[in-house]
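Descriptive analysis of the structure
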Amino acid sequence: MRRSLSFDLALALPGLAFALAFFLVPMTRLALVGASGEDGLAAYLTVLTNPRHAAVMGATVLLSALVTVATLAISTVVGLFLSRHVFPGRAVLLSALTLPLAFPGVVVGFLIILLGGRQGLFASVGMSLGAGRIVFAYSMTGLFLGYLYFSIPRVLLTVMAGIEKLDREVVEAARSLGAGPWQILRDVTLPALMPAFIASGAVAFATAMGAFGTAFTLATDIDVLPMLIYTEFTLQANFAAAAALSIVLGLVTFMVLAVARSVAGTTVAAAG
Amino acid sequence: MRRTAFVLQLGVTLLVAAFLMVPVAMSIAAGVTANYMRGIASGMTLKWVAEVWGLYAGTIGLSLQIALATLVVTLLIGVPAAWFLVRNPSRLSRVFEEIVTLPVAVPGLAIALALLLVYGGVRDFRASWTFILVGHVLYTLPFMMRAVMAVLQSIDARTLEEGAASLGASPWMRFLTVIVPNARPGIVAGALMVVTLSLGEFNLTWMLHTPMTKTLPVGLADSYASMRLEIASAYTLIFFVMIIPLLVAIQRIGATRPVRKGAPR
């Protein structure tokens, strides 16, 4: 039955044509426009040479890295706990922890405002305890919590899938050889989970780098890369700078995901 | 020692669950509270939901329309493409897969700018809801393809097809009567994901929308910025009513399926 070329073409062609017309051609154009400003090709280096752009880039990378580390730490503690203990209410807890899987960034931003905004939970609890109005939503702290909210369900699912694949016999062997719980965690469990950490960490990092909705909801003056691109494009009408910055951003997220994929051997996808 | 560790881990887990669920509960409560500042004691009401309906019903309809259209297009393009990739595991098809799944790895903002640069001047297209549809298809297509490919690979669809071929069925016949029915679990999983993601998509849509083509998340951002908290909450409540059943269905499917081995490539 081997090859029937026309059939294979018919299967693949619609997808290819769509990607070509609405992705490859537009992205190429974006890259060209990025180099069309006063600075020419040097526009691609403004994340290094322009002090404001460099500062925003640094803040975005730092924020995304912190979110990634915090999400991985939390998800590992929670994931190990939920995988190794059976207790009433466990299933409910697990669904609560993974339900926000596809909440949009704007909605997450609003949820953070309900917690830490001017009329938020912490503000009113703070007032009634005499600690003053505790407001943290409209800042980097709010953004950090928003991205944490966004990443936990996704990373938790990947980490728990990794734990399930973990070879119980190896853990048993380590135990019978006299290893303590901490030693098993350090020398057996965590190394075995490394592919899951790399895959889900990369998604968390790339998502935090490119996310726009949460920052947009919390405050338009938070200095992260997507907000900078947005203001350059809409308020300054500086298309070349916006194009160059988005190409740089796209390259960073693409490379992080590609490296993670080659190391962890899994197909990972960002979202949001 | 053991016990302390258990209590500590349980504490962390409960704290994280509270962090995720308390604001959701607050938002739902605020959407049906007469006056948020005076609390639930001020009475429960549906007047905010009604007000949201009056202001934003159009965005809800448009979002449903776009989500369904996105589903149709991703089915028509994605299922055949997934079968192509499983059927022909060659270097060239890997390149094809890379290209089609690339939009997931690039932030929506960048894709939206690129689309605006090339098609922003085509007025009829720019002003219509199909402009947003294109963005949503780009973003969700990889999810459909991966879900379908995962199933086709796990059931060894190529051997199935060879069986059908030996009985004399043509390639199209085999695709429609053997492959598609067998891919159904993947198609259902992919469809749920596509509709969920489309309904909530904001990063692309915010840049692509016009005042005449506002989707639900665009309206949400608008209400967060300019409406009182009760209206914003009631609107979010409507969004939750639409999206949470889908998310629960996705959870169910994930739970019943055996642990996915490795990942589809």
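Nothing here was measured: the structure is a model prediction, and the numbers come from that model.

Okay, unusual backbone geometry next. Although it is not a glycine, A:Ala237 adopts a positive phi angle of roughly 50°. Tracing the backbone shows A:Ala237 in the loop between α11 (225–234) and α12 (239–264). With a relative accessible area of 46%, A:Ala237 lands in the partly exposed category. With phi around 55°, B:Asp156 is a residue other than glycine that occupies positive phi space. Along the chain, B:Asp156 falls in the loop between α6 (129–154) and α7 (157–166). Residue B:Asp156 is classed as partly exposed on the basis of its relative accessible area, which comes to 42%.

What follows concerns the interface of chain A and chain B. Facing 85 residues of chain A, the contacting portion of chain B comprises 87 residues. The interface formed by chain A and chain B contains two salt bridges. A salt bridge links A:Asp8 to B:Arg87, with the nearest nitrogen and oxygen atoms 3.1 Å apart. With 20 residues, the top contributor of residues to the side of chain A that touches chain B is helix α1 (residues 5–34) of chain A. When the residues that make up the side of chain A that touches chain B are grouped by side-chain class, the tally is 62 nonpolar, 16 polar and seven charged.

This part is about the UniProt feature "transmembrane region" (unreviewed entry) in chain A. Within this structure's numbering, the places UniProt gives as "transmembrane region" (unreviewed entry) are residues 55–82, 91–115, 121–150, 196–219 and 239–260 of chain A. In the segment residues 91–115 of chain A, helix accounts for 76% and strand for 0%; the C-alpha atoms at its two ends are 25 Å apart.

In the contact formed by α12(A) and helix α3 (residues 91–105) of chain B, the axes pass within 9 Å of each other and the chain directions differ by 115°. In this structure, the crossing between α12(A) and α3(B) has a hand that is right-handed. When α12(A) is examined against α3(B), the residues A:Gly250, A:Thr253, A:Phe254, A:Leu257 and A:Arg261 are found in contact with a partner set consisting of B:Glu98, B:Leu102 and B:Ala105. Grouping the constituent residues of the contact of α12(A) with α3(B) by class yields four nonpolar, two polar and two charged.

UniProt records the feature "domain: ABC transmembrane type-1" (unreviewed entry) for residues 60–250 of chain B in the present numbering. Along residues 60–250 of chain B the backbone is 85% helical and 0% strand, and the end-to-end C-alpha distance reaches 22 Å.

The next thing to look at is helix α1 (residues 2–31) of chain B. Residues and elements named next belong to chain B. When the terminal C-alpha atoms of α1 are compared, their 43 Å separation across 30 residues agrees well with the 44 Å that a helix rising 1.5 Å per residue should span. At Phe-19, α1 shows its maximal kink, close to 30°; a proline, Pro-23, follows between one and four residues later. Regarding α1, the residues found buried are Thr-13, Val-16, Ala-17, Phe-19, Leu-20, Pro-23, Val-24, Met-26, Ser-27, Ala-30 and Gly-31.

Calculation criteria
Residues numbered from 1 in each chain as written. Chains lettered and ligands numbered in written order. Predicted model: local features only at pLDDT ≥ 70, side-chain atom pairs only at ≥ 80, totals over all residues. Heavy atoms only, no water. Helix = DSSP H or I, 4+ residues; strand = E, 2+ residues; numbered from the N terminus. Buried < 20%, exposed > 50% of the residue type's maximum accessible area, 1.4 Å probe, protein only. Contact = heavy atoms within 4.5 Å. Salt bridge = Lys/Arg side-chain N within 4 Å of Asp/Glu carboxyl O. Nonpolar A, V, L, I, M, F, W, Y, C, P; charged D, E, K, R; others polar. UniProt positions renumbered as here; feature names shortened; annotations may be inferred. Axes fitted to C-alpha atoms, helices over the stretch in contact; angles between N-to-C directions. Left-handed = near helix turned anticlockwise from the far one by under 90°. Expected span 1.5 Å × (residues − 1). Bend = angle between axes of the 7 residues up to and from the residue.

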